[in-house]
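# Results of the structural survey
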Amino acid sequence: MQNIKIELEYDGTNFFGWEIQPKKRTVRSEIENLLQNVLHEKIKLIGAARTDAGVHAICQVANFKTKSSLPITKIKNALFDLPRDIYVKNVIPVPLEFNARRGASSKVYLYKILLGKSPIQRARIWEYTFPLDIEKIKGALQLFIGLHQFDLFSFRDHGECDVKKFELVQNGDEVIFEIEANRFLHKMVRMIIGTLTELGRNKIEIRDIKDALELKGKKWLCAPPHGLYLKEVKY
């Protein structure tokens, strides 16, 4: 038995997310189907993060077990036949107990906003045409650091998450958020970003964010998926 870890990049534009869905194109189903044809056995691919439809990955991590003795180099070469919107960068043998999802200590996401429009970038960035008070947004980032109940920043999940880092960098008209946490709830990053844009437009105040983190407020805007990138998975 081999346990194999893969590190991959993908453009989520034409996928219905990572996880398998009936009659829909997903990242996991594309990889599993290819591996099953190569290894001639049922394969279950475990991803570190279940990215939603339209979300991209700079470095997703996954693993699968196989009874095949096919060398790693041949498995890696076979994965070059994946569609061009998926690229497997590394194929690495790991101990049998390794699990890409359960073993992760934290995940890092980027969210990109363009203060304007770009036909070239529009599938990979949130085109935002309203004025934003970036300094006001920066002042709110520290509110999210630490252990909080993020129920009001999730579409359907509940629970605590420990946010280790949350930063914003502006380069011209491009605004990039980077957030790291031990875990993320469903659509949590997108709902945090959406809420912060409401703050930057003076639609809400700092107090509203504090209330939401104390479960006394309400849910705000959810940012679109195509500005979100899984940047890194840490172990």
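Residues numbered from 1 in each chain as written. Predicted model: local features only at pLDDT ≥ 70, side-chain atom pairs only at ≥ 80, totals over all residues. Heavy atoms only, no water.

From N to C terminus, the chain includes five helices and ten strands. Computed over the C-alpha atoms, the radius of gyration of the chain is 19 Å, within 12% of the 18 Å expected from 2.2 N^0.38 for a compact globule of 235 residues. A separation threshold of at least 6 residues defines the contact pool for the chain, and within that pool the share at least 24 residues apart is 71%. With the model as given, the accessible surface of the chain reaches about 11,600 Å², and the carbon-plus-sulfur share is 50%. (Helix = DSSP H or I, 4+ residues; strand = E, 2+ residues; numbered from the N terminus. Rg over C-alpha atoms; globule rule 2.2 N^0.38 Å. Contact = heavy atoms within 4.5 Å. Areas by Shrake-Rupley, 256 points an atom, 1.4 Å probe, with all protein chains shown as cover.)

Scanning all chains against the criterion turns up ten aromatic pairs. Centroid distance Tyr128 to Phe130: 5.8 Å. Interplanar angle 70°. Geometry classified as edge-to-face. Given a relative accessible area of 5%, Tyr128 falls into the buried group. Residue Phe130 is classed as partly exposed on the basis of its relative accessible area, which comes to 41%. On the basis of an interplanar angle of 80° and a centroid distance of 5.7 Å, the ring pair of Phe144 and Phe166 is categorised as edge-to-face. Pair noted here: Phe144 is in the loop between helix H3 (134-140) and strand E7 (146-149) and Phe166 is in strand E8 (residues 160-171), with a separation of 22 residues, a long-range link. Pair check on accessibility: Phe144 and Phe166 agree, each one buried. Grouping aromatic residues by their ring pairs yields a cluster made of Phe144, Phe150, Phe153, Phe166 and Phe177. Against the face of Tyr229 rests Lys112, its NZ or CZ located 4.6 Å from the ring centre. Over the ring of Phe130 we find Arg201; its NZ or CZ atom is 3.7 Å from the centre of that ring. (Phe/Tyr/Trp six-rings, centres within 6.5 Å; stacked < 30°, edge-to-face > 60°. Buried < 20%, exposed > 50% of the residue type's maximum accessible area, 1.4 Å probe, protein only. Lys NZ or Arg CZ within 6 Å of the ring centre and 35° of its normal.)

Right, let's talk about helix H2 (residues 72-79) for a bit. Residues of H2 that are buried include every one of Ile75, Ala78 and Leu79, and no others. Projected down its long axis, H2 carries its buried residues within an arc of 100°, all on one side. Exposed and facing more than 90 degrees away from the buried side of H2 are Thr73 and Lys74. Where H2 is buried, its residues meet strand E1 (2-10), helix H1 (27-39), strand E3 (56-66) and strand E4 (86-94). (Arc of directions from axis to C-beta.)

A full pass over the atoms with the stated rule returns 19 salt bridges. In this structure, the salt-bridge partner of Lys117 is Glu127, at a minimum N-O distance of 3.9 Å. With a gap of ten residues between them, Lys117 in the loop between strand E5 (106-114) and strand E6 (126-127) and Glu127 in strand E6 connect regions that are remote in the sequence. You can call Glu127 partly exposed: its relative accessible area is 23%. As a salt-bridge pair, Glu135 and Lys138 come within 3.8 Å of each other at their nearest N and O atoms. A residue pair is termed a helical-turn pair when its members lie 3 or 4 positions apart in one helix, as Glu135 and Lys138 do in helix H3 at three residues. What makes Glu135 exposed here is its relative accessible area of 55%. When salt bridges with common partners are traced through the structure, they connect Glu19, Arg28, Glu32 and Arg50 into a single cluster. (Salt bridge = Lys/Arg side-chain N within 4 Å of Asp/Glu carboxyl O.)

Attention shifts here to the environment of Leu199. Among the structural elements, Leu199 can be located in helix H4 (residues 188-200). With 171 residues separating them along the chain, Leu199 and Arg28 place their C-alpha atoms 36 Å apart. Those residues in contact with Leu199 that sit more than four places away from it in its chain are Lys136, Ile137, Ala140, Ile204, Glu205, Ile206 and Ile209.

Our next topic: the nonpolar core. Ranked by internal contacts, the top residues of the largest apolar core, which has 69 residues, are Ile6, Ile31, Leu79, Phe150, Phe166, Phe177 and Leu196. Top contributing element to this core by residue count: H4, with six residues. Residues in contact with Phe166, not counting those within four places in the same chain, are Leu141, Phe144, Ile145, Phe177, Glu178, Ile179, Ile192, Ile193 and Leu196. (Core = buried A, V, L, I, M, F, W, Y, C linked by side-chain atoms within 4.5 Å.)

Another aspect to go through is the pairing of E3. Burial within E3 is extensive, with nine of its eleven residues counted as buried. Where E1 meets E3, eight bridges bridge the pair, whose relative direction is antiparallel. Across the sheet, Lys5 pairs through a bridge with Asn63, a residue of E3. Here strand E2 (residues 46-47) runs beside E3; their pairing, made up of two bridges, is antiparallel. Of the residues in E3, the one forming a bridge with Ile46 is Asn63. (Pairing = 2+ DSSP bridges.)

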